[in-house]
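# Structure at a glance
In case you want the letters, here they are:
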Amino acid sequence: MPETKETLKIGTRARIEMIDITADVQKAVDRWGIKEGLCVVYVPHTTAGVTINENADPHVQDDIVAHVSTLVPRRGAFRHGEGNSDAHIKVSLTGSSESIIVERGRLVLGTWQSIFFCEFDGPRKRKCHVKVVGG
Amino acid sequence: MPETKETLKIGTRARIEMIDITADVQKAVDRWGIKEGLCVVYVPHTTAGVTINENADPHVQDDIVAHVSTLVPRRGAFRHGEGNSDAHIKVSLTGSSESIIVERGRLVLGTWQSIFFCEFDGPRKRKCHVKVVGG
Amino acid sequence: MPETKETLKIGTRARIEMIDITADVQKAVDRWGIKEGLCVVYVPHTTAGVTINENADPHVQDDIVAHVSTLVPRRGAFRHGEGNSDAHIKVSLTGSSESIIVERGRLVLGTWQSIFFCEFDGPRKRKCHVKVVGG
């Protein structure tokens, strides 16, 4: 059975940012040669997540990041002592994984969709797992 | 290998609404004849998402729609020029995909659960992909 | 084909709490003997969900629970008559399922990650489905 899990390495540069990883996920899918199935993108961190959203106008990312930060401000009446409770909460709102259909070897994304790694407590060196199951 | 992806066509009628697509997803699963596996419902848009919630009292949907609109109001200090930044943000909160277990050919949903297509910037003509992988 | 779905029984003890179910999910995976694939954790309720977050400092869970309750307070101008609209809304924010990669028979979780059953309208007797598909 071919190996179908790969780990992307991502260097983030801001405390909060969205990084388009679509091309890297597609490259991983290409390498395995699985033509039909599901691709799961999984973030193994508790202060970073993943989301799918618009890639055309970068202001959409600005708006998402700004509004999520309004909903969950960095400073608050938090008990966790590391000062990054907001990042943990943001992860539980956006999620740690996304499932994307693979058809004829391609990720089936909408015209305007990209897969974004969501850094909520950077800058850091991060990982993101990608796996495909056929079927 | 049988084709196991199908695309539902959905015509939405309001700017924001939740549409129960459970019966259509089950019909797609029926057609493929896969008895055991996972069903992924995937929305290929960036201003519409998917969620699983109660189907019995439609007031639950009203409450979800109203409260999400309070958390992310349509008008705000947004940079994206199309006037629908709120819809993009709502998608990143609810998510673009859901994974449901299939057992003996049936979606394994709880008694009160339905799968809802979430329109956040309608009315529009929309698509929703459904795929099953066996196993 | 081996049976690869199992249902955990969970007794919750507070209205809102996060319960670490990682060990039980791993035990289910162990039982099936599937070494490579995807594990889906699915909550068949509409007032309870699932999330992945930090397991080290329990204050993180306190902060998540408290902040989500600030974003979606129990009392509000809700139409649903059962007094638990907030719980339904919280489920649509955190989600009903999570997908975790399985490698060499182990859930591929980050160092600080655990899988949490999220009770939003307890205390109740709850279920949580776990399924693995190979590939």
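Structure's up top.
First, a word on what this report is: a plain description of the structure on this page. (Residues numbered from 1 in each chain as written. Chains lettered and ligands numbered in written order. Predicted model: local features only at pLDDT ≥ 70, side-chain atom pairs only at ≥ 80, totals over all residues. Heavy atoms only, no water.)

Where a strand is regular, its side chains alternate between the two sheet faces. Residue and element names in this part refer to chain B. With respect to burial, strand 7 (residues 113-119) is a largely interior element, 7 of its 7 residues being buried. Burial of strand 7 is two-sided: the residues Gln113, Ile115, Phe117 and Glu119 facing one way and the residues Ser114, Phe116 and Cys118 facing the other way are all buried. The pairing of strand 2 (residues 17-20) with strand 7 spans 4 bridges and is antiparallel. Of the residues in strand 7, the one forming a bridge with Asp20 is Phe116. When strand 4 (residues 48-54) meets strand 7, the two strands line up antiparallel, connected through 7 bridges. Along strand 7, the bridge assignment pairs Val50 with Phe117. (Buried < 20%, exposed > 50% of the residue type's maximum accessible area, 1.4 Å probe, protein only. Helix = DSSP H or I, 4+ residues; strand = E, 2+ residues; numbered from the N terminus. Pairing = 2+ DSSP bridges.)

Moving on to the interface of chain C and chain A. Counting residues at the interface gives 30 residues for chain C, matched by 29 residues for chain A. In total, chain C and chain A occlude about 2600 Å² of area from one another, counting both sides; carbon and sulfur atoms represent 58% of this. The largest contributions to the chain C side of the interface with chain A come from C:Asp63, C:His67 and C:Ile101, which together make up 22% of the buried area. For C:Glu103, the salt bridge is made with A:Lys5, and the minimal N-O distance between the two is 3.2 Å. The tally of links between chain C and chain A comes to 15 residue pairs in polar contact (both at pLDDT 80 or more). Secondary-structure elements contributing two or more residues to the side of chain C that touches chain A are strand 3 (37-42), strand 4 (48-54), helix 2 (58-71), helix 3 (85-94) and strand 5 (97-103) of chain C. The element contributing the most residues to the side of chain C that touches chain A is helix 2 of chain C, with 7 residues. In terms of residue class, the side of chain C that touches chain A is made up of 12 nonpolar, 11 polar and 7 charged. (Contact = heavy atoms within 4.5 Å. Buried area = accessible area lost by both parts, 1.4 Å probe. Salt bridge = Lys/Arg side-chain N within 4 Å of Asp/Glu carboxyl O. Polar contact = N/O pair within 3.5 Å; in protein donor to acceptor, adjacent residues only side chain to side chain. Nonpolar A, V, L, I, M, F, W, Y, C, P; charged D, E, K, R; others polar.)

Attention now goes to the relation of the copies chain C and chain A. If you rotate chain C by 120° and push it 0.0 Å along the axis, it lands on chain A with an RMSD of 0.0 Å. Such a turn and shift between the copies fits a three-fold axis. Relative to the rotation axis, the closest C-alpha in chain C is found at C:Leu93, a distance of 3.3 Å. Mapped onto chain A, only 10% of the interface residues of chain C are again interface residues, and the two copies thus contact each other with different surfaces. (Least-squares fit on C-alpha atoms with pLDDT ≥ 70 in both.)

The next subject is the packing of helix 3 (residues 85-94) of chain A against helix 2 of chain C. Packed helix pairs are characterised by how far apart their axes lie and by the angle those axes make with each other. Here helix 3 of chain A crosses helix 2 of chain C at 65°, and the two axes come no closer than 9 Å. Crossing of helix 3 of chain A over helix 2 of chain C shows right-handed handedness. Each of A:Ser85, A:His88, A:Ile89, A:Ser92 and A:Leu93 in helix 3 of chain A lies in contact with helix 2 of chain C, whose residues at this interface are C:Val60, C:Asp63, C:Ile64, C:His67 and C:Leu71. Split into classes, the residues belonging to the contact of helix 3 of chain A with helix 2 of chain C amount to 5 nonpolar, 4 polar and 1 charged. (Axes fitted to C-alpha atoms, helices over the stretch in contact; angles between N-to-C directions. Left-handed = near helix turned anticlockwise from the far one by under 90°.)

It is worth spelling out the relation of the copies chain B and chain A at this point. Superposing chain B onto chain A requires a rotation of 120° together with a translation of 0.0 Å along the rotation axis, leaving an RMSD of 0.0 Å. An overlap of only 10% is found between the interface residues of chain B and their copies at the interface of chain A, pointing to separate contact surfaces.

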